[in-house]
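Each chain is listed here by its residues.
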Amino acid sequence: MKRPLITLLTDFGLKDHYVAAMKGVILGIAPEAQLVDITHEIGAYAIAEAAYTLEQAVSCFPEGTVHLVVVDPGVGSSRRAIVAEVGEQTFVAPDNGVLSRVLRGGGVVREITAAHWFRQPVSNTFHGRDIFAPVAARLCSGGLGDAREEVGPVIEDPVRLEEAEPREVAPGEWTGVVLKVDGYGNLITNFEAEHFRKITSGGFELRVGTGVIRRTVTRFDEGFSNEPCTVSGSAELIEVIVNKGNAALILGASAGTKLRVKLTV
Amino acid sequence: MKRPLITLLTDFGLKDHYVAAMKGVILGIAPEAQLVDITHEIGAYAIAEAAYTLEQAVSCFPEGTVHLVVVDPGVGSSRRAIVAEVGEQTFVAPDNGVLSRVLRGGGVVREITAAHWFRQPVSNTFHGRDIFAPVAARLCSGGLGDAREEVGPVIEDPVRLEEAEPREVAPGEWTGVVLKVDGYGNLITNFEAEHFRKITSGGFELRVGTGVIRRTVTRFDEGFSNEPCTVSGSAELIEVIVNKGNAALILGASAGTKLRVKLTV
Amino acid sequence: MKRPLITLLTDFGLKDHYVAAMKGVILGIAPEAQLVDITHEIGAYAIAEAAYTLEQAVSCFPEGTVHLVVVDPGVGSSRRAIVAEVGEQTFVAPDNGVLSRVLRGGGVVREITAAHWFRQPVSNTFHGRDIFAPVAARLCSGGLGDAREEVGPVIEDPVRLEEAEPREVAPGEWTGVVLKVDGYGNLITNFEAEHFRKITSGGFELRVGTGVIRRTVTRFDEGFSNEPCTVSGSAELIEVIVNKGNAALILGASAGTKLRVKLTV
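Cut-offs used in this document
Residues numbered from 1 in each chain as written. Chains lettered and ligands numbered in written order. Predicted model: local features only at pLDDT ≥ 70, side-chain atom pairs only at ≥ 80, totals over all residues. Heavy atoms only, no water. Contact = heavy atoms within 4.5 Å. Buried area = accessible area lost by both parts, 1.4 Å probe. Salt bridge = Lys/Arg side-chain N within 4 Å of Asp/Glu carboxyl O. Polar contact = N/O pair within 3.5 Å; in protein donor to acceptor, adjacent residues only side chain to side chain. Helix = DSSP H or I, 4+ residues; strand = E, 2+ residues; numbered from the N terminus. Nonpolar A, V, L, I, M, F, W, Y, C, P; charged D, E, K, R; others polar. Pairing = 2+ DSSP bridges. Least-squares fit on C-alpha atoms with pLDDT ≥ 70 in both. Buried < 20%, exposed > 50% of the residue type's maximum accessible area, 1.4 Å probe, protein only. Phe/Tyr/Trp six-rings, centres within 6.5 Å; stacked < 30°, edge-to-face > 60°.

## Examining the interface of chain A and chain B
Here's step 1: Taken together, the contact between chain A and chain B spans 29 residues of the former and 33 residues of the latter.
Here's step 2: Across the chain A to chain B interface the summed buried area is about 2,700 Å²; carbon plus sulfur atoms make up 56%.
Here's step 3: Here chain A and chain B share one salt bridge between them.
Here's step 4: The partner of Asp16(A) in a salt bridge is Lys180(B), with the nearest N and O atoms 3.0 Å apart.
Here's step 5: At the boundary of chain A with chain B, the tally comes to 13 residue pairs in polar contact (both at pLDDT 80 or more).
Here's step 6: If one sorts the elements of the side of chain A that touches chain B by residue count, helix 1 (residues 18-29) of chain A sits on top with eight residues.
Here's step 7: Of the residues that constitute the side of chain A that touches chain B, the class distribution is 14 nonpolar, eight polar and seven charged.

## Considering the pairing of strand 15 (residues 258-263) of chain C
Residues and elements named next belong to chain C.
Here's step 1: In the sheet, strand 9 (residues 173-181) pairs with strand 15 via five bridges, with the strands oriented antiparallel. Residue pairing across strands places Glu 173 opposite Lys 262, the latter belonging to strand 15.
Here's step 2: For strand 11 (residues 204-208) and strand 15, the ladder comprises five bridges, and the chain directions are antiparallel. What sits directly across from Val 208, in strand 15, is Leu 259.

## What to know about the sheet that holds strand 4 (residues 81-86) of chain A
Residue and element names in this part refer to chain A.
Here's step 1: Strand order in the open sheet made by the seven strands is 2-1-3-5-4-6-7, with mixed pairing throughout. If you trace the sheet from one side to the other, it starts and ends with strand 2 (34-39) and strand 7 (154-155), each paired once.
Here's step 2: Here strand 3 (residues 66-70) runs beside strand 5 (residues 89-94); their pairing, made up of three bridges, is parallel. Its bridge partner lying in strand 5, Leu 68 is registered against Val 92.

## Here we look at the relation of the copies chain A and chain C
Here's step 1: By a simple turn and slide, chain A fits onto chain C: the slide is 0.0 Å along the axis, the RMSD is 0.0 Å, and the turn is 120°. The transformation just described matches what one would write down for a three-fold rotation axis. Measuring from the rotation axis to each C-alpha of chain A, the shortest distance belongs to Gln34(A), at 4.9 Å.
Here's step 2: Little of the interface of chain A is mirrored in chain C, where only 6% of its interface residues again form contacts.

## Focus on the environment of Val169(B)
All names here are of chain B.
Here's step 1: Positionally, Val 169 belongs in strand 8 (residues 167-170).
Here's step 2: Judged by its relative accessible area of 38%, Val 169 is partly exposed.
Here's step 3: Sequence-wise, Val 169 and Arg 260 are 91 residues apart; in three dimensions their C-alpha atoms are separated by 9.6 Å.
Here's step 4: Sequence-distant contacts of Val 169, that is, excluding residues within four places in its chain, are made with Trp 174, Thr 175 and Arg 260.

## Here's the deal with the packing of aromatic side chains
Here's step 1: The tally for this structure, following the rule as stated, stands at 18 aromatic pairs over all chains.
Here's step 2: Note on Phe12(A) and Phe126(A): the rings are 5.8 Å apart at their centroids and 80° apart in plane angle, and the pair reads as edge-to-face. With Phe12(A) in the loop between strand 1 (5-10) and helix 1 and Phe126(A) in the loop between strand 6 (108-111) and helix 3 (127-140), the pair connects residues that are 114 residues apart, well separated along the chain.
Here's step 3: A relative accessible area of 8% means that Phe12(A) is categorised as buried.
Here's step 4: Overall, the relative accessible area of 5% leaves Phe126(A) in the buried class.
Here's step 5: The interplanar angle of 80° and the centroid separation of 5.4 Å between the aromatic rings of Tyr18(C) and Phe126(C) together place this pair among those described as edge-to-face.

## With respect to the interface of chain A and chain C
Here's step 1: Across the boundary between the two partners, chain A contributes 33 residues, which contact 29 residues of chain C.
Here's step 2: Between chain A and chain C the total buried area reaches about 2,700 Å² when both faces are included, carbon and sulfur atoms providing 56% of it.
Here's step 3: Its largest share of buried area at the contact with chain C, chain A owes to Cys60(A), Tyr184(A) and Ser234(A), together 25% of the area lost on that side.
Here's step 4: For the pair chain A and chain C, the number of links is one salt bridge.
Here's step 5: At the boundary of chain A and chain C, one finds 13 residue pairs in polar contact (both at pLDDT 80 or more).
Here's step 6: Elements represented by at least two residues in the side of chain A that touches chain C include exactly strand 2, helix 2 (47-58), strand 9 (173-181) and strand 13 (228-232) of chain A.
Here's step 7: Here the side of chain A that touches chain C takes five residues from strand 2 of chain A, the largest share from any one element.
Here's step 8: A breakdown of the residues in the side of chain A that touches chain C according to their chemical character gives 13 nonpolar, eleven polar and nine charged.

## What about the relation of the copies chain A and chain B?
Here's step 1: The operation relating chain A to chain B is a screw motion whose rotation component is 120°, with 0.0 Å of axial translation and a residual RMSD of 0.0 Å.
Here's step 2: Little of the interface of chain A is mirrored in chain B, where only 7% of its interface residues again form contacts.

Below, the structure written as structure tokens:
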């Protein structure tokens, strides 16, 4: 028998009891659930980073997975709580843009109004424990069928983050941005690999931080020692990497650092 | 069928094999167990921090949960190993005060003498793997019924940490302490929310670190930028917070920092 | 019914989606699997550290466990991917020496050629997700029986790391090395406890970093404040420890630091 699968993604960190509190609540309601952490080390309140990290993980999970996402600087305020269905997966989150990237291809979004599901009393500072965790547990146990209707009304205007798409700012000149620095120091940019290959087929010069990059490799170990290169990353985005090195440290770049790409044709 | 639930709380950190060693031992004995980490990032040997973190997590877990707690600076010495039953939950830990807070409302405590349950040979430096993990696994598999008797004799004098209760040091003047700084930098104090509300109903001035705080908010986002406020936290204790900021850094406070509260009536 | 058990050990860290991506892939193929993290905080590309940490954890896991090990600086290059059977446990890893220590007592090693098991398309930068995770999931679900043959051909020359054994460099004088510093700052050395006891039975002087150590304790709490001592660690290797202190900081030592032992007989 397949066990219902719930993932958790938060900015809670791992040293406090917050993540375990949510897991205890879930397992009290859905004891058969399989729990998988995506990460709890999103920067505090870093909604865009969470949106990107979620998108990357989601494509690897099977149909029926419920994703519980709590990066929630507005906890206790009038921001809505939502459930989104995208493909055959379900997302439970505050309505602050953290689902922007997984909603890019569409999906049905509901506002959570099913207060009878909440853990009582509902605190003003920990909706992860009191609202999001019990709702995720209800949605995973017994299938979405009727529960889906019970969540609350469909809404058409979930909050969306402004998309950071690369822009052609002059003929043959593009700007982009570092979406995220991963644990190895690789810079994940907002250039889609296929698009980048097309526009740079005649050669390019990419400036980011203190570096000027002219070479694309197809795997890490083609890079020379300390040489920053571009590579098509596992997310099908262009990454700036250094073979066995830390590109972020070498180039002085971080999430939000701007890129400038000059085509040499 | 409900799977037995075991939580783990240690100061082992996550970079070594120590946590996995305990989990491997547990799953060798109780393969059907569901394992949930509370945290492994308790400061090394920080018994009071562990006691507080444990208490906060426990109230979210269902009946029947077994909590395995290994913060054990005295490993290998003559300190006792204990099993405590509190309500419908069970705790396995060294007898060094780490269960103080969960035992505040009473409970039955036994010394572990069931050496036939231990992993052999028992090392002098890793009782988590050799004593506590196998005992927790025995207690969760098959229910506590008879196993409980087998653990060892009931004891009446488990080690208790000195409680840090707020004190009225002069008329209208109280002192307290920061119990813990969480991952966001919120200061969790030892003032119970209800008590604090009662004594401060006419206004207050709270000094902690470099700050003087006069305002209580009901949710984080009522605070102004960089303004430290008090809030009733999710643990029903008073917390000092900064909306989207790090109160510990802003105020220069940490676990153990003293508070002084002056009532203004 | 016993659930198949898969452990994960990587240098991915916990802030990115990489670990969750592997878990999602595994659970899509083997939804009944029990997943246990050994650690994801191996230093980036630190193969020797991973090999040691893996060896320590493995002895605690039951027969039938599948260990997924991804510390893979050569990802995308021509380095082989392998499956090893050692005793009743199975290992899935890149062929770069990370299995050296678990293979010391022998084992059957196969090159993974079963491309029909891979996640398609296979990226050049994330074989953990595209090759190792799906292979581990296949091997755990349904037992190894036939799957084993399907993995690929047996090889006789898996990459092995040079072993760092203690050496007698002069009569009564030995050199060794710190294999790893654990989260408490304990120095785990390459001296086997039994061997060390035998050669030092007449007394010794061990120099490491800034310290000279002459005393062996049998448990941590026999050490005086700030006194570095040796102890037989839980891995049956000699460790240099400081009771309730951080030996690595006090002695200025880290993984790779050399030891010199002079026997005083």
